[in-house]
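A closer look at the structure
The chain contents come next:
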Amino acid sequence: MNKEELFQELSAKIAIGDISREEVMSKLNLGLAPTTAPENDQRTEKFSRSSVTKMFYVLGAAIVVIGIVIFVAGIWVDIGSFGRILVTLGLGLLMAAIGSVLLKQKPEDKIGLIFHSIAGMFIPGGAMVTVSELFFANVVSLQWPIAITFGIIFGFYLILNTIHKQAILTFFTIANGTVFIYLLIASIIGDSAYFELGDVYLYLTMALGVTYLLLGRVFRDGWNKGLVNALYLFGVTGFLGAAFSQVIDSLPWQLLYFLIVLGGLFLSVYLKSRSILIMSTLFLIAHISYITSVYFADSVGWPISLVILGFVFIGLGYTSVTINKEYINHPAA
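Predicted model, so just to flag it, every value in this text is computed and none were measured.

**Quick notes on the pattern of salt bridges**
As enumerated under the stated definition, the model contains one salt bridge in all. Between Arg-84 and Glu-133 there is a salt bridge whose closest N-O contact spans 3.3 Å. Highlighted residues: Arg-84 in helix α4 (residues 80-105) and Glu-133 in helix α5 (residues 111-135), separated in sequence by 49 residues. There is no split in this pair, since Arg-84 and Glu-133 are both buried.

Structure below.
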């Protein structure tokens, strides 16, 4: 029996009612395709509900923080030292404790993260209030106590993050750790005449920028992947920005900076990061503009230099778009 005869016999069977269309579709698995649409609809609906829930979580947390700040500001003078510590640091620790309990009891609801978010906004400020009230001094003059305090906060969030493994806790760990490093260096150096303080902070910023980039690379797979783009952005901006400040009146840095920004472009391809690509392109444009203004501003060819510079910018923009299209949006298999 050939194919045509088989189809004719099957049509005849369907016509006289010996076989139903549903049976044919079931036997040939033709009914599977339509079922995918409801599944996709369910996924879309679930994603939509999740987005709405997160929006209400964030909005609610923001309103809570604003309300608490306004309330505390109104009673600040009347509550005394202990009351100030209680409504800042005490409240932050209470929110963190509630957040940890909720993360353990209802991890799927993510509501514990909201309490940790509120806690992360109050704990650093509350710690500063505590140091100020306990030492009865101006907070600005207490370099070592403040540095040690932020070191404790950094350790606190490091422990919390080890227990719960949540991106928001990783964020607060990195943020407080960064502040701790700057304060620690400031406390160690003090008013020492042996160091150029500006250069120390610039090199420190470059080192932290590299650290952020490395963390972003490590976090690509895991619970911290939501922080990757932010780490790439702040990392490359900190590194290139600090390095660019060294370019002024320094010929070696002016030459080296071209290699640095070109390295940033290659890094954007390797890490497939649009943030690194954009910032590297912008800093390259800034550097070319600076070099042109320094060495060609007083020459007769300044207008011609501007024309050439304009075409260079167009070329850089086209190159940036091409890199993004070929190597970032369409990664190699």
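**Let's talk about the packing of α5 against helix α6 (residues 143-164)**
Relative orientation of the contacting elements α5 and α6 amounts to 155°, with a least axis distance of 10 Å. Classified by the angle between their axes, α5 and α6 sit roughly antiparallel to one another. Note that α5 runs across α6; the crossing there is right-handed. Contacts between α5 and α6 involve His-116, Ala-119, Gly-120, Ile-123, Pro-124, Ala-127, Met-128, Val-131 and Phe-135 from the former and Pro-145, Ile-146, Thr-149, Phe-150, Ile-153, Phe-156, Tyr-157, Leu-160 and His-164 from the latter.

**With respect to the side chain of His-164**
Here His-164 is to be found in helix α6. According to the relative accessible area criterion, His-164 is buried, its value standing at 12%. The residues touching His-164, leaving out its near neighbours within four places in the chain, are Ser-100, Leu-103, Lys-104, His-116 and Leu-169.

**Details of the packing of α6 against helix α7 (residues 167-189)**
The contact between α6 and α7 brings their axes to 8 Å, and the two run at 155°. Taken together, the axes of α6 and α7 are roughly antiparallel relative to one another. Considering how the two elements wind past one another, α6 and α7 form a crossing that is left-handed. In the contact of α6 with α7, the residues fall into 17 nonpolar, nine polar and no charged.

**Concerning the packing of aromatic side chains**
Taken as a whole and judged by the stated rule, the model has eight aromatic pairs. Each ring, one from Phe-244 and one from Tyr-290, has its centre 6.4 Å from the other, and the planes form 80°; the classification is edge-to-face. Note that Phe-244 is positioned in helix α9 (residues 228-245) and Tyr-290 in helix α11 (residues 274-296), a separation of 46 residues in sequence. Judged by relative accessible area, which is 22%, Phe-244 ranks as partly exposed. Judged by its relative accessible area of 18%, Tyr-290 is buried. Taken together through their ring pairs, the aromatic side chains of Phe-156, Tyr-157, Phe-171 and Phe-172 make up a single cluster.

**As for the confidence of the model for the protein chain**
Model confidence for the protein chain is summarised by a mean pLDDT of 80, while 76% of its residues fall at 70 or above. At the low end of the mean pLDDT range in the protein chain sits helix α3 (residues 32-75), at 66; at the high end sits α9, at 94. Segment residues 32-37 is flagged for pLDDT under 50; beyond a separation of four residues in sequence, or across chains, it makes zero contacts in the model. In the predicted structure, residues 44-48 sits below a pLDDT of 50 and forms zero contacts with residues beyond four places in sequence or in another chain.

How each quantity is defined
- Residues numbered from 1 in each chain as written.
- Predicted model: local features only at pLDDT ≥ 70, side-chain atom pairs only at ≥ 80, totals over all residues.
- Heavy atoms only, no water.
- Salt bridge = Lys/Arg side-chain N within 4 Å of Asp/Glu carboxyl O.
- Helix = DSSP H or I, 4+ residues; strand = E, 2+ residues; numbered from the N terminus.
- Buried < 20%, exposed > 50% of the residue type's maximum accessible area, 1.4 Å probe, protein only.
- Axes fitted to C-alpha atoms, helices over the stretch in contact; angles between N-to-C directions.
- Parallel < 35°, antiparallel > 145°, perpendicular 65-115°, else oblique.
- Left-handed = near helix turned anticlockwise from the far one by under 90°.
- Contact = heavy atoms within 4.5 Å.
- Nonpolar A, V, L, I, M, F, W, Y, C, P; charged D, E, K, R; others polar.
- Phe/Tyr/Trp six-rings, centres within 6.5 Å; stacked < 30°, edge-to-face > 60°.
- pLDDT = per-residue confidence, 0-100.

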